[in-house]
Amino acid sequence: MAAQPKQRMLIHSDQALPFTSMDWPTMGPPRASMKALHRLNPAFDYIPTGRYVVSMSSRIPSVPNKPNARTRLLDAATKLVREKGFTATSVDDLCAAAGVTKGAFFHHFESKEALGVAAANNWAETTSALFADAPYHLPADPLDRVFAYLDFRRDLVSDEIAGFTCLVGTMVQEVHGTSPAIRNACKASIFGHSQSLVPDIAAAFAAHNVQDVEPIDLALHFQAVLQGGFILSKASGDPAHTRTSVAHLKAYVAMLCGVPKPN
């Protein structure tokens, strides 16, 4: 009997997602499993989901697939680096957290630096899927999509600071002068995400006659303020600083576009 095709978990909505902000291939943007999203950020549990639901075929086997050693090491790096920093996280720490031997570590990664590069690339891939499926793409108006993006970033903030801060932002602050390979991987993640916001920002600027600000500059400013908010939250132990930073971003965008600040 022919094998049944593997089912995929899809995120549905009661209206088509207007992915006008990105030039996706015909088959649409990449999708992330909910397991991957929860590994990335437990705060995803608390994002309002009234506008979309998760559906999975009952024919999918219920036995979970055990991640391989490489995947477990990448998951461990994502967790530990956000908690302790890259420099303070040893190979022994990574192996213990992943439940693998040092031999397995060096089978997959020739060095801790190589693991850092792979972790940054994995972060970029996973977060790209998270943002592609996020509900901030739903509004028809591009400025509303920009505000919804900022709300989405605010709603990712949880009481556990290590659970919402940025892996690549943490790593690049530590090793930007000592590891060009990790620095470049972190840059690709941060700048790549910023570029994904440009079409919506450009459309919002066009609709509101904003001519003195480049869309990519505002997209990068978003990331600078968010990373700064993460630093303030780490320094103070208070996640509220990140939320306040997002509120100021919304006020700035409203001022640029000549509209009232949204709630």
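Scroll up to find the structure this text is about.
Keep in mind the model is a prediction, meaning the values are calculated, not measured.

Visitor: Pulling in residues and values, what's your account of the overall build of the chain?
Guide: On a plain count of helices and strands, the chain comes out with 10 helices and two strands. When the helices and strands of the chain are listed from N to C terminus, the series reads β-α-β-α-α-α-α-α-α-α-α-α. A fraction of 69% describes how many contacts in the chain between residues 6 or more apart in sequence connect residues 24 or more apart. Per element, the accessible surface of the chain, about 13800 Å² overall, is 56% carbon and sulfur.

Visitor: Please set out the environment of His108 residue by residue, giving values where relevant.
Guide: If you trace the backbone, His108 turns up in helix 4 (residues 102–108). C-alpha separation for the pair His108 and Thr71, spaced 37 residues apart in sequence, amounts to 9.9 Å. For His108, the residues in contact, after removing those within four places along its chain, are Ala69 and Arg70.

Visitor: Please set out the packing of helix 8 (residues 180–207) against helix 9 (residues 215–236) residue by residue, giving values where relevant.
Guide: For any two helices packed against each other, one specifies the inter-axial angle together with the distance between the axes. In the contact formed by helix 8 and helix 9, the axes pass within 7 Å of each other and the chain directions differ by 125°. Taken together, the axes of helix 8 and helix 9 lie oblique to each other. The two elements helix 8 and helix 9 cross, and the hand of that crossing is right-handed. On helix 9, the residues that touch Ile190, Phe191, His193, Ser194, Gln195, Leu197, Val198, Ile201, Ala202 and Phe205 of helix 8 are Pro215, Ile216, Leu218, Ala219, Leu220, Phe222 and Gln223. Here the contact of helix 8 with helix 9 is composed, by residue class, of 13 nonpolar, four polar and no charged.

Visitor: For the nonpolar core, give the residues involved together with the corresponding values.
Guide: Core analysis: the biggest nonpolar cluster contains 63 residues, and Phe222 and Val253 have the highest contact counts within it. Sort the elements by how many residues they give to this core and helix 8 lands first, with nine residues. Residues contacting Phe222, with those up to four places away along its chain left out, are Val146, Tyr149, Leu150, Leu197, Ile201, Leu249 and Val253.

Visitor: Could you give me a rundown of helix 2 (residues 69–84), with the residues and numbers involved?
Guide: The end-to-end C-alpha separation of helix 2 is 21 Å, in line with the 22 Å expected for 16 residues at 1.5 Å each. Residues of helix 2 that are buried include every one of Ala69, Leu73, Leu74, Ala76, Ala77, Thr78, Leu80, Val81 and Arg82, and no others. A positive backbone phi angle near 95° is found at Gly85, which sits one or two residues after helix 2.

Visitor: Tell me about the packing of aromatic side chains, and name the residues and values.
Guide: Taken as a whole, this structure holds nine aromatic pairs when the rule is applied. For the ring pair Tyr136 and Phe152, a centre distance of 5.7 Å and an interplane angle of 55° mean the geometry is tilted. Taken together, the residues span a long stretch of sequence, with Tyr136 in the loop between helix 5 (112–132) and helix 6 (142–155) and Phe152 in helix 6 at a distance of 16 residues. By the burial criterion, Tyr136 is buried, and Phe152 matches it.

Visitor: Can you tell me about the pattern of salt bridges, naming the residues and giving the values?
Guide: Working definition: two side chains of opposite charge can pair if their charged atoms are close together. Inspection of the entire model under this criterion finds seven salt bridges. As a salt-bridge pair, Lys102 and Asp92 come within 3.1 Å of each other at their nearest N and O atoms. Linking Lys102 in helix 4 with Asp92 in helix 3 (residues 91–98), this pair joins segments that are 10 residues apart in sequence. Lys102 gets classed as partly exposed once you look at its relative accessible area, which sits at 44%. Residue Asp92 is classed as partly exposed on the basis of its relative accessible area of 45%. Note that Arg154 is salt-bridged to Asp151, the shortest N-O span being 3.0 Å. One end of the pair, Arg154, and the other, Asp151, are both in helix 6, three residues apart, so they sit about a helical turn from each other. The class of Arg154 is partly exposed, set by a relative accessible area of 28%.

Quick notes on the rules
- Residues numbered from 1 in each chain as written.
- Predicted model: local features only at pLDDT ≥ 70, side-chain atom pairs only at ≥ 80, totals over all residues.
- Heavy atoms only, no water.
- Helix = DSSP H or I, 4+ residues; strand = E, 2+ residues; numbered from the N terminus.
- Contact = heavy atoms within 4.5 Å.
- Areas by Shrake-Rupley, 256 points an atom, 1.4 Å probe, with all protein chains shown as cover.
- Axes fitted to C-alpha atoms, helices over the stretch in contact; angles between N-to-C directions.
- Parallel < 35°, antiparallel > 145°, perpendicular 65-115°, else oblique.
- Left-handed = near helix turned anticlockwise from the far one by under 90°.
- Nonpolar A, V, L, I, M, F, W, Y, C, P; charged D, E, K, R; others polar.
- Core = buried A, V, L, I, M, F, W, Y, C linked by side-chain atoms within 4.5 Å.
- Buried < 20%, exposed > 50% of the residue type's maximum accessible area, 1.4 Å probe, protein only.
- Expected span 1.5 Å × (residues − 1).
- Phe/Tyr/Trp six-rings, centres within 6.5 Å; stacked < 30°, edge-to-face > 60°.
- Salt bridge = Lys/Arg side-chain N within 4 Å of Asp/Glu carboxyl O.

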